[in-house]
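# Coordinates in review
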Amino acid sequence: MAQVIKISSGAQNTYTVLASVATSDKPSIVPGIVLQPIKDICGTVTLPGSKSLSNRILLLAALSEGTTVVDNLLNSDDVHYMLGALKTLGICLEESTELKQVIVEGCGGQFPVGKEAKIDVELFLGNAGTAMRPFTAAVTAAGGNLSYILDGVSRMRERPIGDLVIGLQQLGADVSCSPTNCPPVRVNANGGLPGGKVLDVNMNKMPDVAVTLAVDAHIANGPTAIRDVASWRVKETERMIAICTELRKLGATVEEGPDYCVITPPEKLNVTEIDTYDDHRMAVASSLAACGEVPVTIKDPGCTRKTFPDYFEVLESFLGYPLTLDTHDIHVPLVIKETGKQALVSISVKSHLQSFSWHRLARHEIGMEHVAQSI
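This report concerns the structure included in the present document. Computed from a prediction, not measured in an experiment: that's the story for all the values here.

Definitions and limits used
Residue numbers run consecutively from 1 along every chain, following the written order of its sequence. Given that the model is predicted, a residue must reach a pLDDT of at least 70 before its local features are reported, and side-chain atom pairs must reach 80 or more before they are shown or counted; all residues, however, enter totals for whole chains, interfaces and linings. Values shown for side chains rest on all heavy atoms present in the structure; no hydrogens or waters enter the calculation. Strand pairing follows a simple DSSP-based rule, namely that at least 2 bridges must link the two strands. Secondary structure elements follow DSSP: runs of H or I of four or more residues count as helices, runs of E of two or more count as strands, with numbering from the N terminus. Where helices are involved, their axes are fitted lines through C-alpha atoms of the stretch in contact, as for all axes, and angles between N-to-C directions lie from 0 to 180°. Residue contacts are counted whenever heavy atoms from the two residues lie within 4.5 Å of one another. The set of buried Ala, Val, Leu, Ile, Met, Phe, Trp, Tyr and Cys residues whose side-chain atoms join them within 4.5 Å is what this entry labels a nonpolar core. Using a 1.4 Å probe on the protein chains alone, a residue whose accessible area is under 20% of its type maximum counts as buried, one over 50% counts as exposed, and one in between counts as partly exposed. With its strands directed away from the observer, a crossover is right-handed exactly when the path from the first strand over the helix to the second travels clockwise. By definition, a salt bridge exists where a carboxyl oxygen of Asp or Glu is found within 4 Å of a side-chain nitrogen of Lys or Arg. Throughout this description, a polar contact denotes any pair of N or O atoms lying within 3.5 Å of each other; where both atoms belong to protein, one of them has to be capable of donating a hydrogen while the other can accept it, and for residues adjacent in sequence the pair is counted only when both atoms sit in side chains.

Looking now at the sheet that holds strand β12 (residues 253-256). As summarised here, the arrangement of the 4 strands in space is β10-β11-β13-β12, forming an open sheet in which the pairing is mixed. The open sheet is flanked by β10 (199-202) and β12, the only strands paired with a single partner. The mean inter-strand angle of the sheet, taken between neighbouring strand axes irrespective of direction, is 15°. Bridge analysis of β12 against strand β13 (residues 261-264) gives 4 bridges, and the strand direction is antiparallel. In the strand pairing of β13, Glu255 is matched with Val262.

In structure tokens:
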């Protein structure tokens, strides 16, 4: 594990995490495989589950409330390190290798070990980056008042994590890594992330994800600054203006700059209608505004046809209750299947709510039986 040196200076204790003593990688005990020249390959392959998705889903399930059943879980070293770490943190797991299934009992936002243990918790994560990086943030936020040391094999100690550590430090977290900006990582959880600070994030490399972050920011615990997203202004719509406009409708205070915006959540959210600007990402991201505990109407939901035509149907399947359409009639150009002609028609969505699906409306294709009247 990591070599941790404690330096005492008066009443203050300083901890230095060194990576000089690396955990030895185990030599392979599996004999090599000889492949003869391949002349033909034919057959059906069932792909295994995704490593990245498997580990992320397991961690999210562990932090959530209630029971989560994860099917088609990948059986791999990285996933085993994730499962082992979750058990160390006190998460209850029921594993079935035969079914490729794990049942996870969520902890509701704080790892049980943080309520019980009195000593440092060590998490050995092998060479699993999909465990090391998420766990660094997770134990910072959900680790109670304990200290954690996250370590891995020698190669893990050569994989940079400094940017994440710096980001957490900017949020007020007590996190450090080795002088090489690589693991091992030490986290003094101190009850979670301090509130009231401005979350300042450079989203230049993930401008599309930044749209979702902006919507989430209106229900955060403090201001959020999203920077270096000048590309928003040349997307399917002028997203900087669109995002700032719609978040203000929800009640947020928004400062708009040439390539950034600063979003301050409101004390009270507004019930409003969100314009989507014929931009699929505005429609999808804006739907998360409903997490703010007030109703939100998404106008022109059919614009998701560009990338995810049945998005709202899929969302509905997870909500446990049916989505409702705005009761106003809408006027859209539709291709009438029986004639092949295009006409501008009015759909009485209130009376025909159960007669057609979101993605059929998004494709502008519907049968004559659903046409209320021709314009």
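Once the structure has been displayed, the description carries forward.
A word on the sheet that holds strand β3 (residues 67-71). The strand order across the open sheet built from 3 strands is β3-β5-β4, with neighbouring strands paired in antiparallel fashion. On the outer flanks of this sheet lie β3 and β4 (92-96), each paired with one strand and no other. Each neighbouring strand pair of the sheet contributes to a mean axis angle of 15°, computed without reference to strand direction. Relative to strand β5 (residues 101-105), β3 runs antiparallel, the two sharing 5 bridges. Looking at β5, one finds that Thr68 is bridged to Val104. Sheet strands touched by helix α1 (residues 51-63): β3 and β5. Its angle to β5, the strand with the most contacts, is close to 30°. In the packing of helix α2 (residues 77-88) onto the sheet, the strands contacted are β4 and β5, and the crossing angle to β4 comes to about 145°.

Formed by 43 residues in total, the largest nonpolar core has its most connected members in Leu58, Leu89, Phe111, Phe135, Val139, Tyr148 and Leu150. If we skip the residues at most four places from it in the chain, Tyr148 touches Leu89, Val113, Gly114, Val121, Val139, Gly143, Val185, Arg186, Val187 and Ala189. Within the second largest apolar cluster, 30 residues are counted, among which are Val229, Trp232, Leu247 and Leu250.

Below, the discussion takes up the pairing of strand β7 (residues 147-151). Extensive coverage of β7 is indicated by the burial of 5 of its 5 residues. Of the two faces of β7, the one lined by Ser147, Ile149 and Asp151 and the one lined by Tyr148 and Leu150 are each fully buried. Tracing the backbone out of strand β6 (residues 121-124), into helix α4 (residues 129-142) and back to the parallel element β7 gives a crossover that is right-handed. As paired strands, β7 and strand β9 (residues 185-188) are joined by 4 bridges and run antiparallel to one another. Residue pairing for β9: Ser147 is matched across the bridge by Asn188.

The next point concerns unusual backbone geometry. Negative phi values dominate among residues other than glycine, just as trans dominates among peptide bonds. Going from Pro183 to Pro184, the amide bond is cis rather than trans, its omega being 10°. For Pro184, the position within the fold is in the loop between β8 (174-177) and β9. Located in the positive-phi region is Glu293, a residue other than glycine, with phi close to 70°. Within the element layout of this structure, Glu293 appears in the loop between α8 (280-286) and β15 (296-298). Among the residues examined, Glu293 registers a relative accessible area of 77% and is labelled exposed.

For the rest of this paragraph, the subject is the pattern of salt bridges. Here the structure, examined in full by the defined rule, presents 19 salt bridges. Close ionic contact of Asp78 with Lys51 constitutes a salt bridge, the shortest N to O distance being 3.8 Å. Remark: Lys51 occurs in helix α1 and Asp78 occurs in helix α2; sequence separation between them is 27 residues. Measuring nitrogen to oxygen at the nearest pair gives 3.5 Å for the salt bridge that ties Asp278 to Arg305. Of the two residues, Asp278 sits in the loop between β14 (272-274) and α8 while Arg305 sits in the loop between β15 and α9 (311-319), which places them 27 residues apart along the sequence. Using a relative accessible area of 48% as the deciding quantity, one classes Asp278 as partly exposed. The class of Arg305 is partly exposed, set by a relative accessible area of 33%. Linked through salt bridges whose partners overlap, the residues forming this network are Asp208, Lys235, Glu236, Arg239, Asp279, Arg281 and Lys306.

Our next topic: the side chain of Ser178. You can see Ser178 is positioned in the loop between β8 and β9. At 2.7 Å, the side chain of Ser178 forms a polar contact with the side chain of Thr180.

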